[in-house]
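# Descriptive structure summary
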Amino acid sequence: MTGPDTYTSIHRNTALLLVGMLGLIAALVAGIATARQFAPDGNAMLRLMFTVLGGFVAGFIVLALACLRRHRWTLHPGQLVIEERPWLRFTGPSRRAQVAFNDIAGLASVQNGADDVIELATRQGASYRMGPASLKPKGHSVADAIRAIDRAGLAAFAASLQAAMQAEGVAPPRLLPGLGFWNRPLGLGLLGVLLALSLGLAVLVVVAVLGGAGGPRNAMDAAAILVLLPVGVAWMLRKAWRRRQTALRAKD
């Protein structure tokens with residue numbers, strides 16, 4: 001929900017999602033290795049492997065829900081009120097801040113997975129993020145879903161914030177490309193590790209299916225997700241590296 005003085009969206013903590021995914025993949029590898037080592041026969045091994053795959057998908061769903069948060073920014077005379085709370089109750093802390101316009105030190109456009117978010121930094125060192133809201137798609141295609149991301153609305157709210165600061169006699173900071181978690185060495189390194197792990201898992205799944213492995217519908221869906229996972233990770237790694245180059249050039 002957006003308005004002239006308020007912007008609200010669901011923020012996705014993709015850094016937490018990546019770290020959690022690495023843990024889930026490590027648990028999946030351990031589970032598959034255990035099934036291969038201790039299963040009494042081939043049928044039992046396949047049942048155990050697909051049970052582990054089902055657990056992986058369930059764990060991913062729980063992790064994905066825990067990474068969602070509701071963010072709300074509201075413009076008031078002389079200040080910006082920021083409210084953050086978990087999308088699902090009891091899955092994270094809430095916080096509220098009243099940031100005076102003259103306390104805003106910088107605004108940056110930062111990569112957050114597939115989205116670009118606005119990162120606001122204060123002179124006390126605190127930082128807050130607002131991502132684009134999701135609009136109702138006009139159709140059912142992937143292109144319609146991409147166009148339903150409210151990038152224009154987020155940019156308009158950033159411009160409204162800058163205009164409000166200017167009206168109060170405060171020089172607003174420029175909105176420049178910035179370095180986020182994904183564009184720094186740690187984030188790039190974790191993406192590289194995730195790509196290698198996802199490729200290894202995809203190979204294992206393909207070999208198992210070609211060898212005649214089968215299972216219930218949900219287990220086969222999980223296998224398909226694992227096979228396609230390296231494509232998504234490779235795309236994220238490429239985008240993160242390109243954004244890093246753009247942000248570094250903007251600093252010069």
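Cut-offs and rules
- Residues numbered from 1 in each chain as written.
- Predicted model: local features only at pLDDT ≥ 70, side-chain atom pairs only at ≥ 80, totals over all residues.
- Heavy atoms only, no water.
- Helix = DSSP H or I, 4+ residues; strand = E, 2+ residues; numbered from the N terminus.
- Buried < 20%, exposed > 50% of the residue type's maximum accessible area, 1.4 Å probe, protein only.
- Contact = heavy atoms within 4.5 Å.
- Areas by Shrake-Rupley, 256 points an atom, 1.4 Å probe, with all protein chains shown as cover.
- Pairing = 2+ DSSP bridges.
- Axes fitted to C-alpha atoms, helices over the stretch in contact; angles between N-to-C directions.
- Patch = residues over 30% accessible without salt bridge, like charges linked within 9 Å, V, L, I, M, F, W, Y side chains within 5 Å.
- Salt bridge = Lys/Arg side-chain N within 4 Å of Asp/Glu carboxyl O.
- Phe/Tyr/Trp six-rings, centres within 6.5 Å; stacked < 30°, edge-to-face > 60°.
- Core = buried A, V, L, I, M, F, W, Y, C linked by side-chain atoms within 4.5 Å.

Next up on the list: the overall build of the protein. Looking only at helices and strands, one finds 6 helices and 8 strands in the protein. Starting at the N terminus, the α and β elements of the protein follow one another as β-α-α-β-β-β-β-β-β-α-α-β-α-α. In the protein, buried positions account for 38% of the 252 residues. Expressed as a percentage of contacts within the protein between residues at least 6 apart in sequence, the contacts between residues at least 24 apart total 60%. As displayed, the protein has an accessible area near 13,900 Å², and 63% of this comes from carbon and sulfur atoms.

Moving on: the sheet that holds strand β7 (residues 127-130). Picture the strands of a sheet paired through backbone hydrogen bonds; they go either parallel or antiparallel. Spatial ordering of the open sheet is given by β7-β6-β5-β8, a layout of 4 strands whose pairing is mixed. Two strands lie at the open edges of the sheet, namely β7 and β8 (175-177), each paired on one side alone. Between one strand and the next, the sheet's axes are offset by a mean angle of 30°, whatever the strand orientation. Two elements, strand β5 (residues 104-112) and strand β6 (residues 115-122), share 8 bridges in a ladder whose sense is antiparallel. Bridged to N112 within β6 is D115.

A cluster of nonpolar side chains, contributed by V206, V227 and L228, occupies part of the molecular surface with about 230 Å² of accessible area. By secondary structure assignment, the location of L228 is in helix α6 (residues 217-251).

Applying the stated criterion across every chain yields a total of 2 aromatic pairs. With a centroid separation of 5.5 Å and an interplanar angle of 80°, the aromatic rings of F181 and W182 are classed as edge-to-face.

Turning our attention to the pattern of salt bridges. Inspection of every chain in the model, using the stated rule, returns 5 salt bridges. Two residues, E84 and R95, come together in a salt bridge whose shortest N-O distance is 2.8 Å. With E84 in strand β3 (residues 79-86) and R95 in strand β4 (residues 95-100), this residue pair connects regions lying 11 residues apart in the sequence. Each of R72, E83 and R96 takes part in salt bridges that share partners, so that together they form one network.

A few words on the environment of G55. Summarising the element assignment, G55 is placed in helix α2 (residues 42-66). Along the chain, G55 and L24 lie 31 residues apart, while their C-alpha atoms are 9.3 Å from each other.

The next point concerns the environment of D5. Within the secondary structure layout, D5 lies in the segment before β1 (6-12). We classify D5 as partly exposed; its relative accessible area is 44%. Note: C-alpha distance between D5 and L75 (70 residues apart in sequence) is 5.2 Å. Setting aside residues no more than four positions away along its own chain, D5 makes contact with W73, T74, L75 and F157.

What follows deals with the sheet that holds β4. Taken in spatial order, the 4 strands of this open sheet run β1-β2-β3-β4, and their pairing is antiparallel. Of all strands in the sheet, those with a lone pairing partner are β1 and β4, marking the two edges. The mean angle between the axes of side-by-side strands here comes to 15°, regardless of whether they run parallel or antiparallel. Bridge count between strand β2 (residues 68-76) and β3: 8 bridges; the pairing is antiparallel. Paired with H76 across the bridge in β3 is Q79.

Looking now at the nonpolar core. Among the nonpolar cores identified, the biggest contains 22 residues, and L18, I25, L28 and L194 are the most heavily contacted of them. Going through the elements one at a time, α1 (14-38), α2, α5 (185-210) and α6 are the ones with two or more residues in this core. At 7 residues, the largest contribution of residues to this core is made by α1. The next biggest cluster of nonpolar side chains, apart from the first, holds 21 residues, and it includes W73, L80, A97 and V170.

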